[in-house]
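Structural overview
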Amino acid sequence: MARTREATVSLALAVTLAMLLAAFVVGTLAPRPADAASARLPNLRMLPLSDWTIQNVGGRRLLRFTTIMANQGPGPFEVRGRRTSRSDPTMQIDQVIFHEGGGSHRASTGAVGKYAGDGHDHWHVQRIMTYELYRVDNPATVRGGAKTGFCFLDTTPWRLGLPHARQSPYYQEEWCGGRQALSNRVGISVGWGDRYPWDFAFQWIDITGLPSGRYVVRSTVDISDWYRETNDYDNCRWTRIRIPSTGSRVEVLDSGADCGRDAITPAHTFPGARTYDPPRTVSIQPGTYTGRTFNDLGTQLRAKRVTLGDGGTAIVDRLARIPGQAGRWFHVVERRFAGYWLRDSGGVD
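Residues numbered from 1 in each chain as written. Predicted model: local features only at pLDDT ≥ 70, side-chain atom pairs only at ≥ 80, totals over all residues. Heavy atoms only, no water.

A closer look at the overall build of the protein chain
Along the backbone of the protein chain there are 2 helices and 24 strands. The 349 residues of the protein chain split such that 46% are buried. For the protein chain, the accessible surface area stands at approximately 16,800 Å², while carbon and sulfur atoms represent 51% of it. (Helix = DSSP H or I, 4+ residues; strand = E, 2+ residues; numbered from the N terminus. Buried < 20%, exposed > 50% of the residue type's maximum accessible area, 1.4 Å probe, protein only. Areas by Shrake-Rupley, 256 points an atom, 1.4 Å probe, with all protein chains shown as cover.)

Below is the structure:
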């Protein structure tokens, strides 16, 4: 039976030899992380979306649905959060990598945890799942989901015949940690899933003002590619639906799971972009800037924050408007923000 949650549930040859010897000693004496061959990694998947409905709340129209993220890999998906004091509003998140012969090590990630946000008295790992909706004939109309924080655990048995699958739930809701917690531990066992019902807080996409018609909803686990897995490209599932002009009934037209590469791959251009050939140099005034990468729908994947005390320059090859993002953005191809987009506002000329 599925578990329930609150509210439903490195000169000379001598120098070189010395360096090699030191490396050998360190490598021999110090414990090393498991390599890819010996690590039992998870494999996160999205199961089919279900329970589609539309709610009208306070003048807004909300598209709701149930999601389940599952683990098909040979190892558990476990993360642990930590903060140094109770005044720190975020926890840094490490992934626990389990070894084939036993034991484990931690790998740092770019993820953070935040307390509550949805009425539940516990910490949530941010952006483990991402929801995107767009018109079939116009991807630039993308809208994102409201829910960003998740406390995941074994709620739903899925494929208990997989190797290393537990036959009973292991990860528990109370391990998410309360308000005063300095650490927490959450995860999904092999063969299990974590279900988020359609009526959970923020389990929606706001479709207010959207006309009726055919739309695609994409749901992706680990869109920022923060966690080690056996397969990074099978984390996405799409569903084509028809949204009515009125009423709550949503028609499901088609679905599939071939969107994983698109969902997590950084885009280097967007429709209507201005191309600079050869690339041009733009000046950057002193200040702190955040470069970002986006997928093909304009959903943020990664962020890089840099403070330029004396300003500087960037080499850019495009200027584009990115779906779902305000303003215009330069795509940087050299120097500190290479591979990232910088907003054309304020200090960027």
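Right, picking up where we left off after that structure.
A few points about unusual backbone geometry
Of note, the amide linkage connecting Asp277 to Pro278 takes the cis form, showing an omega dihedral of 10°. If you trace the backbone, Pro278 turns up in strand 19 (residues 274–284). For Arg127, which is not a glycine, the phi torsion comes out positive at approximately 60°. Within the secondary structure, Arg127 is located in the loop between strand 8 (123–126) and strand 9 (129–135).

With respect to the state of the cysteines
Chemically, a disulfide is nothing more than a covalent bond linking the sulfur atoms of two cysteines. Scanning the model with the defined rule gives 2 disulfides in all. Covalently, Cys151 is tied to Cys176 through a disulfide, its sulfur atoms 1.5 Å apart. Taking the torsion about the S-S bond as the criterion, the Cys151 to Cys176 disulfide, at about 45°, is right-handed. Of this pair, Cys151 sits in the loop between strand 11 (149–150) and strand 12 (156–157) while Cys176 sits in the loop between strand 12 and strand 13 (183–188), and the two are 25 residues apart along the sequence. When sorted by exposure, Cys151 lands in the same class as Cys176, which is buried. Put simply, Cys236 and Cys259 are joined by a disulfide, and their sulfur atoms are 2.1 Å apart. Handedness of the Cys236-Cys259 disulfide follows from its S-S torsion of about -100°: it is left-handed. Of this pair, Cys236 sits in strand 17 (residues 236–243) while Cys259 sits in the loop between strand 18 (251–256) and helix 2 (260–264), and the two are 23 residues apart along the sequence. The pair Cys236 / Cys259 is uniform in exposure class, with both members buried. (Disulfide = S-S within 2.5 Å.)

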